[in-house]
Structures are given as C-alpha cells and as structure tokens.
Amino acid sequence: MGASLEESNRMKKPALEGGKPVRTKARFIVFGAPAIEEAEIQEVVTSMKTGWLGTGPKVAQFERDFGAYKGSPHAVAVNSGTAALHLSLLAAGLNPHDEVITTPLTFCATVNAILHAGATPVLADVDLITMNLDPREVESKITPKTKAILPVHFAGRPCDKDALCDIAARYNLKIIEDCAHAIETEYRGSKAGTFGDFGCFSFYVTKNVTTGEGGMVLTRREEDAARIKMLALHGMSKDAWQRFSDQGYKHYYVVECGFKYNMMDLQAALGIHQLARVERNWERRRQLWQRYNEAFADLPIGLPAEPQQATRHAYHLYTILVDENKTGITRDGFLDAMTNHNIGVGVHYLSLPEHPYYQRTLGWKSQDFPNALQIGSHTVSLPLSAKLSHADIDDVIESVRRILK
Ligand SMILES: Cc1ncc(COP(=O)(O)O)c(C=O)c1O
C-alpha cells in the first residue's frame, strides 16, 4: 500500500535550492486541497450504510440545490465537467465540422469535448489583463461554419458577457459556458452558467465545490435537460433511472447511443454539503486573495487584475506572472523553488497550441495566440484553498518573498 499524504510529508527529504538544502516545513502544502468537513463524511457513510451508492435521491437533491443556488430551472448532474461540456455540445445540435470558438487559455478538456462532439474547435486569443476571451478576436474568427462560442470564465473572473451575447445574437450562435472555475461568478447580477444556452460546471477535487469527480449542466430548456439526462445514461429512456426502485421493475428503451456519464449518490453526498458552505468558503478565499495582494504589492511580479465593477469573481485561482527579466528567475525555476519550499503550485495553463496533439491534428501554432502564449509561459497559481490555515498562508508568502527577494 502507498503511504498516506501525511506519511509521505513526514518522509519528505530536505529540499534543495541551487543544490543546497533549504528550510523544510513540517508539511507539504498541497495545491488545491479540498476543504472536507464532518457533514459530508457522515453523508457518504449514510449512503454506504443504506446501500444506495449509485444515482438516486442524493443526486436528485444535489441537482435541486445547485439549480436553486444558480437560479436555473434545470440542472443535470454528471460524472465530470468534461462530460457536462460533451453532452451540452451534443444537445446544442452541432453537425460534423461545425465550428466552435473557444479560448487557448484553458484546460485541454474544453477543446477535447468539442472534438468528441464531432465539431471543430477554433481559437480566439485572450485579453492580456482579464485572461478571458477577447470579443473582438472572437468576432474576427466567425465563418459560415461557426455555430457556437464556448467561453471559459478564467480563474473565476466572468467573461465579457454583454459583448459575447451580442455577437451570439447577431450571428445566431449558441453559447456554452465552461464554468469549471466559476461556481460563484456573476456578471451584472447574472450568474455564470445562465448567460447562454448551457452552463457546464466541474466538481473535480481542486474546484470550489468538490464531489471528487463530478459535473453539472444548467440549461433553460426542459427538452435540452431531458436529452442530456438520457445521453448521460447510455441513451436509455427516462424510466431507466428508476428501473430498480421500490415501485417495481420498469422496462427501458435505448433511444440514442449514449454514454456512461451519470453521477453517483456517493458523489452527491459530498456535493450537497460542499454546496451548503460555498459562500463561507468563497469569503475565506476572498480574504486569502487580499492577503496575497498586500503581501506581494512590492514584488516585481504581475498580480491578478482587480475584479471588474459590477461583477463577482469566484476567486478560484490566484495567478502571478513571473518574468525572468524582472525577477532574475525563470517561471519554471520559480515552480521548482516553491516545490523545494514544500509549497504545491500549479500552471493554468500552457496555451493549448503548445501541445503536440493540436499542432499535429489542427495545425495550431502558439505564436498565433500571443497573449495566451505570454500568459502561459509566465503564470504560476499559488494555493488558494479555503482549507489553508493562517500559518499555511504565512508559509506561502514567506516562500514567495524569499525566492524573489
Ligand atoms: C477550465 C476547465 N474546463 C474543463 C475542466 C474539466 O472538468 P473535469 O475535470 O471535471 O472533467 C476543467 C477541470 O479541471 C477545467 O479547469
């Protein structure tokens, strides 16, 4: 059996910086560690004791709770954010080779979902400050084949909703939002995930609400919700969801070739309690964000832009920009140094055209998306979990300052 996290932290060897050992903290600060509490632990235990592990009443409750939190009439739970994107793209009715415009500064799942839906992803560059899709770039990429825009609310900052919805209305395009970072995000009173036709959420371990793995689709139209639900369970007709209930066995019929994307009650048991604490955890991350801003104000690094007026940032990622010309250390050198200080860090993201698969199959070139390339080669995400203690944050700040001093 592998060592537990605590054990492996204790076993960690002294860190090295420039070949020399540096002060090693007693523990490794895990990037994106989830804030799990007793309520969800007990709920999972209850699920296991009742024996209802698979899709059941807890998934239905989590869907109701999430829909209510976001003010959306329909919420369908699935087993990942990737599944949420894939099924939304299918429900959007795309035909093979239709084009979907998205951002080069995202996780690979965003474009992989477009490819799996049989459509062609087309990239538009991001804005250097907001790191979100630049609406002018989006408009310049529209062709007769364009059928949808897929914005990502990067790091939890809302995309330029007004401009993108205006483009979508003028060119009759669908909007599918990637809200993996954006559970609490709002733009002038509208909640992320309700701007367009579909809102896709992830409950992966590092996300602001986690179910371990999991996802959710929000949609306004009942028929879209029904199709997504059906596609998430092999394409089986509605009754398949209740076929083993105490109401007696129900036949089902396969009406489409679907997928195995359903969420389990075990996952929803986590999600229900995580969601109940979403605002408390948001407030905690907001405070951490402010502390970082104050602690790093005098350093020669780029700090995240302030949230725009009349918007709500979800504070999912705190990303700094490390430029060797100003700091004397490369971005990758900084990542290594942080690891040597026992601080887990992330990179969100290398721009997508830097990956060989997309270069080979779609002919993407990173220099065609200079802003995403620029961000992707300098960005570092610091720990921002609501689980972090004051001492953890002090350690992160001290390490960043020591490395950059
Ligand atoms: C922007 C973005 N899109 C999509 C996904 C995919 O979500 P999941 O891992 O739940 O499939 C992620 C997850 O990390 C993400 O960050």
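Preceding block: the structure.
An account of the accompanying structure is given in this report.

Cut-offs used in this document
- Residues numbered from 1 in each chain as written.
- Predicted model: local features only at pLDDT ≥ 70, side-chain atom pairs only at ≥ 80, totals over all residues.
- Heavy atoms only, no water.
- Core = buried A, V, L, I, M, F, W, Y, C linked by side-chain atoms within 4.5 Å.
- Buried < 20%, exposed > 50% of the residue type's maximum accessible area, 1.4 Å probe, protein only.
- Contact = heavy atoms within 4.5 Å.
- Near = heavy atom within 4 Å.
- Polar contact = N/O pair within 3.5 Å; in protein donor to acceptor, adjacent residues only side chain to side chain.
- Areas by Shrake-Rupley, 256 points an atom, 1.4 Å probe, with all protein chains shown as cover.
- Helix = DSSP H or I, 4+ residues; strand = E, 2+ residues; numbered from the N terminus.
- Salt bridge = Lys/Arg side-chain N within 4 Å of Asp/Glu carboxyl O.
- Patch = residues over 30% accessible without salt bridge, like charges linked within 9 Å, V, L, I, M, F, W, Y side chains within 5 Å.
- Pairing = 2+ DSSP bridges.
- Axes fitted to C-alpha atoms, helices over the stretch in contact; angles between N-to-C directions.
- Left-handed = near helix turned anticlockwise from the far one by under 90°.
- Nonpolar A, V, L, I, M, F, W, Y, C, P; charged D, E, K, R; others polar.

## Comments concerning the nonpolar core
Phase 1 of the analysis: Ranked by internal contacts, the top residues of the largest apolar core, which has 34 residues, are Phe62, Phe66, Val138, Phe201, Phe203 and Met216.
Phase 2 of the analysis: Contacts of phenylalanine 66, omitting those with residues within four sequence positions, involve Ile183, Phe201, Phe203, Met216, Leu218 and Leu275.

## Comments concerning the site of the ligand
Phase 1 of the analysis: Taken together, 16 residues lie around the ligand, and Gly81, Thr82, Asp178, Ser202 and Lys207 are the ones closest in.
Phase 2 of the analysis: With respect to the ligand, the backbone of glycine 81 contributes an N or O atom lying 2.7 Å from an oxygen atom.
Phase 3 of the analysis: In the model, an oxygen atom of the ligand is placed 2.8 Å from a nitrogen or oxygen of the lysine 207 side chain.
Phase 4 of the analysis: Expressed as a share of its isolated accessible area of 390 Å², the protein-covered part of the ligand is 92%.
Phase 5 of the analysis: Contributing elements (two or more residues each) for the shell around the ligand: α4 (81-91) and α5 (108-116).

## Side note on the environment of glycine 363
Phase 1 of the analysis: Position of glycine 363 among the secondary structure elements: in the loop between α13 (356-362) and α14 (370-378).
Phase 2 of the analysis: Judged by relative accessible area, glycine 363 falls into the partly exposed class, the value being 41%.
Phase 3 of the analysis: As for glycine 363 and asparagine 340, which are separated by 23 residues in sequence, their C-alpha atoms are 37 Å apart.

## Observations concerning the pattern of salt bridges
Phase 1 of the analysis: Inspection of the entire model under this criterion finds 22 salt bridges.
Phase 2 of the analysis: The salt bridge partner of aspartate 134 is arginine 136, with a shortest N-O separation of 3.2 Å.
Phase 3 of the analysis: Residue class for aspartate 134 comes out buried when judged on its relative accessible area of 11%.
Phase 4 of the analysis: Overall, the relative accessible area of 65% leaves arginine 136 in the exposed class.

## Looking at the environment of valine 255
Phase 1 of the analysis: Examined against the element boundaries, valine 255 turns out to sit in the loop between α8 (222-232) and α9 (265-276).
Phase 2 of the analysis: Judged by relative accessible area, which is 55%, valine 255 ranks as exposed.
Phase 3 of the analysis: Each C-alpha atom, one on valine 255 and one on lysine 326, is 60 Å from the other, the two residues being 71 residues apart in sequence.

## Let's talk about a nonpolar patch on the surface
Phase 1 of the analysis: A cluster of nonpolar side chains, Met48, Leu53 and Met264, forms an exposed patch at the surface whose accessible area comes to about 250 Å².
Phase 2 of the analysis: In this fold, methionine 264 is placed in the loop between α8 and α9.

## Some points on unusual backbone geometry
Phase 1 of the analysis: A cis amide bond links histidine 348 to the next residue, tyrosine 349, at an omega of 0 degrees.
Phase 2 of the analysis: Looking at the secondary structure, you find tyrosine 349 in the loop between α12 (331-340) and α13.
Phase 3 of the analysis: For alanine 310, which is not glycine, the phi dihedral falls at a positive 60 degrees.
Phase 4 of the analysis: Looking at where alanine 310 falls in the secondary structure, it is placed in the loop between α10 (278-296) and β12 (311-312).
Phase 5 of the analysis: Phi is positive for asparagine 342, close to 65 degrees, though the residue is something other than glycine.
Phase 6 of the analysis: Note on placement: asparagine 342 falls in the loop between α12 and α13.

## Considering the side chain of asparagine 262
Phase 1 of the analysis: Within the secondary structure layout, asparagine 262 lies in the loop between α8 and α9.
Phase 2 of the analysis: On the basis of relative accessibility, which here comes to 11%, the residue asparagine 262 falls in the buried class.
Phase 3 of the analysis: A polar side-chain atom of asparagine 262 sits 2.7 Å from a polar atom in the side chain of threonine 55.

## Brief notes about the pairing of strand β3 (residues 74-78)
Along any regular strand, the residues point their side chains to alternate faces of the sheet.
Phase 1 of the analysis: The buried count for β3 comes to 5 of 5 residues, which makes it a mostly enclosed element.
Phase 2 of the analysis: Burial along β3 is two-sided: the residues His74, Val76 and Val78 and Ala75 and Ala77 are all buried.
Phase 3 of the analysis: One ladder, built from 5 bridges, connects β3 with strand β11 (residues 215-219); its direction is antiparallel. Following the sheet pairing, valine 76 is matched in β11 by valine 217.

## Thoughts on the packing of α4 against α5
Phase 1 of the analysis: Between α4 and α5, the least distance of the axes is 9 Å, while the angle of their chain directions is 35 degrees. In the packing of α4 onto α5, the handedness of the crossing is right-handed. For the pair α4 and α5, the contacting residues are Thr82, Leu85, His86 and Leu89 in the first and Ala109, Thr110, Ala113, Ile114 and His116 in the second.
Phase 2 of the analysis: Classifying every residue of the contact of α4 with α5 by side-chain character gives 5 nonpolar, 4 polar and no charged.

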